[in-house]
Amino acid sequence: MFLKKYGVKDGDILLVISDIDENNEILKAAEVWANLAKDGANLSILDNMDENHLRFLLLSNVELMSQLRKTCAELFDAIIRRRVSVDNLKMLIRQFIKDENESSETSERSSEIRRFNEEQQRKMDENLRRKNIKRNLKNAIENIPDTFTSHSMLFLNCQLNDHPVFGFVDTGAQATLLSEDCARRVDLFKLVDPNWGGKAKGIGVQKFIGRIHMAILKIGESELPISLCVLPYQAMDILIGLDVLKMYRVSNTPL
């Protein structure tokens, strides 16, 4: 009744340490067992142990006894209940150590096999990936060879407000854009309406200063009234966007 309030149940193993000397004996016993349990250990030292020594060797190792209770009931019962001879007890101990070592070897072998299989799978996946890339490249060369040649960009020499400018057709631009520097150069900056300022979104976001509601863009012999959004930073003088292309039904026919 006294021990139940500490969680001790029937069948539990209690290790009682009375003094420092006995504690040292327990440490020595643990060391002896650790040496016995090693793979390839000389188990003949068991022959020189009497029954009391053997039982102390095992009973003093709480962790081992807990393991025996779960995995080797026969040896656990032999130690606790003293129902076998000392020779049979030694035989059970030898068999337990042998089984444990074999189990450890099997586990290590399984781990090695698993690591090998994972590495092989990784190599197979990498080889498959490379084959798919080569197949994809071959299909592209056969079906769309033009993608492997360089194409000229759609640059234009044109005039804006009777001033020569360098233009670029960008079918991905929603609106036609003019650089601030170019707007000043062609004398159109004074027409910029800041009330129409906003943000130009493409590769990144840039704030534009405002809008020139109408100016004349001359391409060849054609004079096209267009509107322009003015950006403070832009490499091109004028970037002709979809608004102009759609308004004048420009067709970008491949050559």
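Below you will find a few notes about this structure. (Residues numbered from 1 in each chain as written. Predicted model: local features only at pLDDT ≥ 70, side-chain atom pairs only at ≥ 80, totals over all residues. Heavy atoms only, no water.)

## Things to note about the overall build of the protein
Link 1 in the chain: Counting its secondary structure elements, the protein contains seven helices and eight strands.
Link 2 in the chain: Looking at the protein residue by residue over its 255 residues, the buried ones come to 27%.
Link 3 in the chain: Here the contacts in the protein between residues at least 6 apart in sequence split such that 53% fall between residues at least 24 apart.
Link 4 in the chain: Split by element, the accessible area of the protein, about 18400 Å² in all, is 53% carbon and sulfur. (Helix = DSSP H or I, 4+ residues; strand = E, 2+ residues; numbered from the N terminus. Buried < 20%, exposed > 50% of the residue type's maximum accessible area, 1.4 Å probe, protein only. Contact = heavy atoms within 4.5 Å. Areas by Shrake-Rupley, 256 points an atom, 1.4 Å probe, with all protein chains shown as cover.)

## What about the environment of asparagine 161?
Link 1 in the chain: For asparagine 161, the position within the fold is in the loop between β1 (155-160) and β2 (163-169).
Link 2 in the chain: Exposure remark for asparagine 161: the relative accessible area of 30% places this residue in the partly exposed category.
Link 3 in the chain: In this structure, the C-alpha to C-alpha distance between asparagine 161 and isoleucine 216, residues 55 residues apart in sequence, is 5.7 Å.
Link 4 in the chain: What asparagine 161 contacts, discounting residues up to four positions off in sequence, is Val186, Asp187, Leu188 and Ile216.

## Some thoughts on the nonpolar core
Link 1 in the chain: Among the nonpolar cores identified, the biggest contains 21 residues, and Leu160, Leu178, Ile212, Leu228 and Ile238 are the most heavily contacted of them.
Link 2 in the chain: Put simply, the parts of the chain that give this core at least two residues each are β1, β2, α6 (180-185), β6 (210-219), β7 (222-231), β8 (238-240) and α7 (242-247).
Link 3 in the chain: Per element, the largest residue contribution to this core is four residues, and it comes from β7.
Link 4 in the chain: The contact partners of isoleucine 212, leaving out residues within four places of it in the chain, are Leu178, Leu188, Leu191, Val192, Ser227, Leu228 and Val230.
Link 5 in the chain: In this structure, Ala173, Phe208, Cys229 and Leu231 belong to the second largest nonpolar core, which totals seven residues. (Core = buried A, V, L, I, M, F, W, Y, C linked by side-chain atoms within 4.5 Å.)

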